Amino acid sequence: GILIILSSGFTQGQTATIIVSGECGMCKDRIEDTALGTIGVNTASFELETNELTVTYNNGLFNLDELHKNIAAVGHDTDKMKANVSVYNTLPLCCQYRAVEMGELIGMVFEKEDDDLQSVIGANVYWLGGNDGTVTGLDGDFKIQMNTSTNKLIISYVGLQSDTIIIEKAGTVDIILNNSLLLDAIEVVYKKGATEFSFLDPIKVKNISRKELTKAACCNLSESFETNPSVDVAFTDAVTGTKQIEMLGLAGPYVQITREGMPDIRGLSALDGFTYIPGPWIESIQMNFGTGSVINGFESVAGQINVELKKPSDEEKLHINGYGNLNGRVEANVVSTFDVTEKLSSAILLHGNARTVETDVNHDNFVDNPTSKSLIVGNRWKYEGNNGHEAQLGFKSTFTGRSSGTVKGITNELDQWTANNDVSRHEIWLKRGVVFEDRPYASLGFMLSGTLHDLKSNYGKRRYDGTQKMLYANLIYSTILGDTNNKMVVGASFQGEQYDEQFSDLSYARNEYVPGVFAEYSYSVFEKFDLVLGMRGDYNNYYGFFATPRLHMRYAPNENHVFRAIGGRGQRTANIFAENVKAMATNRTWHITPRENGNPYGLDAEVAWNTGLNYTYLLDVKGKLQTLSFDYYYTNFTNQVVVDYDQNPKEFHIYNLDGKSYSHSIQSQLDLTLFEGFDVRLAYRYNIVNTTLNNKLQWKPLTSKHRAFVNLAYETKNKWKFDYTVNLIGPKRLPNTESSPEAYRLDAESPSYWMHNAQVSKEINDKLEFYLGGENLANFRQLNPIVSADNPNGEYFDASMVWGPIFGRNIYLGFRYILKKG
C-alpha cells in the first residue's frame, strides 16, 4: 500500500497509529501478533482498508522504533522502516503487497464446485505468446512478472476450462475456472475423462476414476483393469481360481500395492489379496510404472498401484450393488456414509459373495470354477478439526473360503485331488495430519497400520499354512524452500513383519524389520520443467543397510507436449510360497537352492534398477481431448529369485539368479473423443522379458510379447452406456516338456487369441442403474488346461500351464443404487 504518516504524536498519549503495508487476513494476524509481542503494547488492531495499525501502550515501557523494527522483521513495510527483501519473499503470495511497486501480478486460481470455491493447485499461468509462466502453489496462488508485449494472461488446467483474461496493470487478481462450459444450460462441451493423468506431475500417474470402474463388473481389484491396456490379469492355474497381474511383463509381486499410501497386498496376500478389495468400495486407483516416490517405500520395481477406498466424506450417502453371473457367482455390496457431528463422519462398508454351483464343461473331472464364500466388513472414521488438523481411523476384516479340484462323486482315491484355501485377515489403520496455519505450505503427516493374516490351505496332499503379522509406520514432513518452486519432503518409516509358514513337512519362520529415513526434493521452473530427486536409507535386519535413489524429470516445451524420464532402484524380499501358488497346483517336486546365508529361505533379496521414458501429446479440439502417449521401460535385475519350470517337467526349482534377467516394455496408446459421448482407446504393447534359467538366457515362460487393445465407450444423452473391449494376446513360450510321455507334452508356444468383453448399462433415474455384460464373448478356451488330469496323483499332474482363458463365455447382470448426500 502507499505509505502516508497519519500520526506521530505518540510520546505523550497512550495510543499510537502507524502505517503498515498488508494485503489479507493472514497479514492482519501476523501484524497484530507481532505488535502484541512488542514490549509495552497492550492491544493492537490493524485495518486492511486503511493500512493503519493502532496500538495502546504503557508509558515508560513502549518504544515506537522497536515497534517499527519488529513489524519490518516479519516482512511488512512501515512508514519509517522497510522490510528486508529476503524476508519479504518468504511471505505467502497472498501477503506480498509490493506487486505494483515491483511490476508483478499476484493472484489466486479457484475452481467452482456447486456454490463453493476450491483452490486449484498446479494450474498453468502464462502470458499469451510468451515464455514467461508459472504454476499455482499449494493454495492456488501465483506470482508472475508483468509482460510489456501483451496484456492477455492464460490460465489452464487439465480437466477444467481454460481462460484468458485481460490484465491492465500490476496488482492482485482472483480467477475462477469453470468445471465445464454449458450451452443453453444443458449441453456439456467439455468433460473430465474416466482415466486421467496430470500434465504437471513429473511422475506419470494414471488415475482410474469411478466412471472407468463401472465400464465392467469390477467385482474386486483384480477385475478392475479390464479396460486398461497396461495391466495384464490372468489365472495362475486351472484349478484354484487364483488371479495375478502383470506390469511391464513382470509378475504382480514386483508391483507395490498400497491402500491410501500404506502397504496392503504383500506377503501371504501377494496373489489372493486382490480379491480382498471389493470393486464397489473403490473410489479411485492411481498407477505409475517403474520406480515411484521414495515416500512410499523401497519395494517398487515394475510400478505402484494405490487404491483409494470410499471415505466418510464421500458424496455417496448410500451405495448398494448387486451382481450375479451364469457361472453361479452372486455378490452384494453396501457402502453407507454418515455424519456423526459437524467434524466427525463415518462409513460402513460390507461385502459378501458366494459360488455354490459346480460345473465341468470340458469333462476333465475337475470343476471349472472353485466353490467359494467371502465376507468382508469395513468401518472408517474421519475427523476434520480446526486449524488444519485431520485424522482418520479404520479397520477391515476379511473371511474367505474356497474349494476346488475334482468333481464330487469320484469315489476312487487315486482319481481324487482337492484344493482348499481358508483365510482370516484383519487390518487396522490410523492417519493423522496437520497443515500449519501460520505456514500453510508446510504439513506433517503420520500413518500407522497393522495386519494379521492367517492362512490354512492344502493342494492335493501338499499342505501350506501361514501366519503373517505386519506393523507399518510412516512420518512425513512437507515444506517449501524459499518458494513453491522448491519443495522438500523428509520423513522416517518402519516396516516390521513376522512370518510363520508350514509347507509340507517343512517350517519357515522369520522376523523382518526395516527402519528407514528418506528425503525428496522437487524443483520446478514455471510449468516447463520439474525435477524430483529422492533418496532412502533403510536397514534390513537380514540384508543390512541399503540405499534407494530415485529420479524423475519432466519437460514440457509447451502445453501440448510432455516428456518424462525416470530412474531408480527397487528391493524386495521374495515370499516364495505365497507368490508361487500355481506350482502347488502340480505334483512337481519343489527344489529350493539356498545359499546358507541366514536370509529368508536362504535366498538373497531381489534387487532391480528401472529406467523409463515417456512422451505424451495432448490436443484439445473444441473441448474434446485427444491424447497420444509412448512409454518405454527397462528393468534390469542385479539379483532375482528365479522360478524355474524348465529343468524337468516333474520338478520346480527356486534359486538366486546366476546370469542376466531383464525386461523391455514398449507401449503406445491413443485416446480419442470422436464425437460427443463416444470415446475410443487404442493401445499396443511389446514386451521382451528374458531370464537366465538353468544357465541359459531365454524368454520367460507364459509371458506374451504382444498385446493389442481396443476399447469403445459410448454414452447417450438419455443415460444408456455401451462399452466394448477387445484384446489380441500374442503367443507365449511354454516350459520345456520334451522329457514327458508324449501324451503329456506341450507345444513350444501357445497360439495367439482374441478376447471380447462388453457391457450395456442404463440409468433409470439419478439413483438406480442396471448393467448387463458378457466376458469372453467369443467363447475361446484353452482346451485341456490340466496336464495328466486323468491321473491327478501321478508325477506328471500339472494344472499350472495356463496360457489362455480356462472358462468359456460368462454373462452377468447387476444393479447399482446410489443415494447422494444433500
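That block above? That's the structure.
The following paragraphs examine the structure supplied in this document. All residue numbers here refer to positions counted from 1 along the written sequence of the relevant chain. The model is predicted, so local features are restricted to residues of pLDDT at least 70 and side-chain atom pairs to those at 80 or more, both for listing and for counting; the totals for chains, interfaces and linings are taken over all residues. As a convention, hydrogens and water are excluded, and side-chain values are obtained from all of the structure's heavy atoms.

As a further point, take the overall build of the chain. Each helix is a run of H or I in the DSSP string that is no shorter than four residues. Each strand is a run of E no shorter than two, and both are numbered from the N terminus. If you tally the helices and strands in the chain, you get six helices and 48 strands. Here the chain has a C-alpha radius of gyration of 30 Å; the compact-globule value for 822 residues is 28 Å, and the two agree. Each principal axis of the C-alpha distribution contributes one length, and for the chain these read about 110 × 65 × 50 Å. Partly exposed residues are those whose accessible area sits between 20% and 50% of the maximum for their type, while under 20% is buried and over 50% is exposed, using a 1.4 Å probe and protein chains only. Counting every position in the chain, which comprises 822 residues, the buried fraction comes to 55%. In what follows, residue pairs with any heavy atoms lying within 4.5 Å of each other are defined as contacts. The long-range fraction of contacts in the chain, counting pairs at least 24 apart against all pairs at least 6 apart in sequence, stands at 62%. As defined in this context, the radius of gyration uses C-alpha atoms, and a globule is described by 2.2 Å times the residue total to the power 0.38.

What follows deals with the packing of helix α1 (residues 25–36) against helix α2 (residues 64–73). Two packed helices can be described by the angle between their axes and the distance between those axes. Viewed as axis vectors pointing N to C, α1 and α2 meet at an angle of 140°, and their least axial separation amounts to 9 Å. Taken as axis vectors, α1 and α2 run oblique relative to one another. Taken as a pair, α1 and α2 cross one another with a handedness that is right-handed. Across from Ile 31, Thr 34 and Ala 35 in α1, the residues of α2 making contact are Leu 67, Asn 70 and Ile 71. Any residue outside Ala, Val, Leu, Ile, Met, Phe, Trp, Tyr, Cys, Pro, Asp, Glu, Lys and Arg is labelled polar, Gly included; the first ten of those are nonpolar and the last four are charged. Partitioning the contact of α1 with α2 into residue classes produces four nonpolar, two polar and no charged. Every axis in this analysis is a line fitted to C-alpha atoms, fitted for helices over the stretch in contact. Angles between the N-to-C directions lie between 0 and 180 degrees. With respect to orientation, any angle under 35 degrees is reported as roughly parallel, any angle over 145 as roughly antiparallel, any angle of 65 to 115 as roughly perpendicular, and every other angle as oblique. Crossing handedness is read from the near helix: turned anticlockwise from the far helix by less than a right angle, it gives a left-handed crossing, and turned clockwise, a right-handed one.

A separate point is the sheet that holds strand β36 (residues 589–592). Either a parallel or an antiparallel arrangement is found when strands of a sheet pair, and the pairing is made through backbone hydrogen bonds. In space, the three strands of this open sheet follow the order β36-β40-β39, with mixed pairing throughout. This sheet does not close on itself; its edge strands, each paired only once, are β36 and β39 (641–644). For this sheet the average axis-to-axis angle between neighbouring strands, irrespective of direction, equals 15°. Following DSSP output, two strands are said to pair if at least two bridges run between them. Pairing of β39 with strand β40 (residues 651–656), which is carried by four bridges, proceeds in the antiparallel orientation. In the strand pairing of β40, Val 641 is matched with Asn 656.

This paragraph deals with α2. Because each turn of an α-helix spans 3.6 residues, side chains separated by three or four positions in sequence point in the same direction. Looking at α2, one finds that the buried residues are Leu 64, Leu 67, His 68, Asn 70, Ile 71 and Ala 72. On its buried side, α2 packs onto β1 (15–19), α1 and β3 (52–57). Here a polar contact is taken to be a pair of N or O atoms separated by no more than 3.5 Å, where protein atoms must pair a possible hydrogen donor with a possible acceptor and residues adjacent in sequence count only if both atoms sit in side chains. Structurally, the start of α2 carries an N-cap: the backbone nitrogen of Asp 65 is 2.9 Å from a side-chain oxygen of Asn 63. Looking at the residues trailing α2, positive phi occurs at Gly 75, about 110°.

We now examine a negative patch on the surface. Put simply, a patch holds well-exposed residues, over 30% relative accessible area, that have no salt bridge, with like charges counted together within 9 Å and Val, Leu, Ile, Met, Phe, Trp or Tyr side chains within 5 Å. Here the open area of atoms and residues is found with the Shrake-Rupley method and a 1.4 Å probe, where only the protein chains shown may cover a residue. Here, a salt bridge means any Lys or Arg side-chain nitrogen found within 4 Å of an Asp or Glu carboxyl oxygen. When charges are counted, Lys and Arg contribute as positive and Asp and Glu as negative, whereas His and the chain ends are disregarded. A single reference atom marks each charge: NZ on Lys, CZ on Arg, CG on Asp, CD on Glu. Together, Asp 29, Asp 33, Glu 437 and Asp 438 make up a region of like negative charge exposed at the surface. Looking at the secondary structure, you find Asp 33 in helix α1.

For any pair of aromatic rings, geometry is given as the distance between the ring centres together with the angle between the planes. Two rings from Phe, Tyr or Trp (for Trp, the six-membered ring) form a pair when their centres sit within 6.5 Å of each other. Planes less than 30 degrees apart are called stacked, planes more than 60 degrees apart edge-to-face, and all others tilted. In this structure the tally under the stated criterion is 33 aromatic pairs. Note on Tyr 753 and Phe 780: the rings are 5.0 Å apart at their centroids and 5° apart in plane angle, and the pair reads as stacked. With Tyr 753 in strand β46 (residues 753–763) and Phe 780 in the loop between β47 (768–775) and β48 (810–820), this pair connects stretches of sequence that are 27 residues apart. Judged by relative accessible area, Tyr 753 falls into the buried class, the value being 9%.

All right, on to unusual backbone geometry then. Positive phi, normally seen in glycine, also occurs at Asn 695, with a value near 70°. Tracing the backbone through its elements, the reader meets Asn 695 in the loop between β42 (678–693) and β43 (696–699). Overall, the relative accessible area of 67% leaves Asn 695 in the exposed class. Backbone geometry at Ser 788 places phi at a positive 60°, although glycine is not the residue there. Relative to the assigned elements, Ser 788 resides in the loop between β47 and β48. Exposure remark for Ser 788: the relative accessible area of 4% places this residue in the buried category.

On to the pattern of salt bridges. Applying the stated rule across the entire model yields 37 salt bridges. Between Lys 820 and Glu 315 there is a salt bridge; the shortest N-O distance is 3.9 Å. Here the residue Lys 820 occupies a position in strand β48, and Glu 315 occupies one in the loop between β22 (303–309) and β23 (316–325), the gap between them amounting to 505 residues. Given the relative accessible area of 46%, Glu 315 is considered partly exposed. With its nearest N and O atoms 2.8 Å apart, the salt bridge here joins Arg 536 to Asp 538.

Another point: the nonpolar core. The set of buried Ala, Val, Leu, Ile, Met, Phe, Trp, Tyr and Cys residues whose side-chain atoms join them within 4.5 Å is what this entry labels a nonpolar core. Ranked by internal contacts, the top residues of the largest apolar core, which has 41 residues, are Leu 221, Phe 225, Ile 285, Met 287 and Ile 305. Elements represented by at least two residues in this core include exactly β17 (243–247), β18 (250–251), β19 (255–259), β21 (282–289), β22, β25 (344–355), β38 (624–639) and β42. Among the elements that take part in this core, β21 stands out by supplying four residues, more than any other. The next biggest cluster of nonpolar side chains, apart from the first, holds 37 residues, and it includes Ala 574, Phe 577, Tyr 601 and Ile 786.

This paragraph deals with the pairing of β23. Relative to β48, β23 runs antiparallel, the two being bridged by nine bridges. Looking at the pairing, Asn 325 lines up with Tyr 812 of β48. Bridging between β23 and strand β24 (residues 329–339) involves seven bridges; their strand directions are antiparallel. Counted as the bridge partner of Tyr 323 is Glu 331 from β24. Counting the residues that bridge the hairpin from β23 to β24 gives three residues, and of these Gly 328 lies at a positive phi of roughly 90°.

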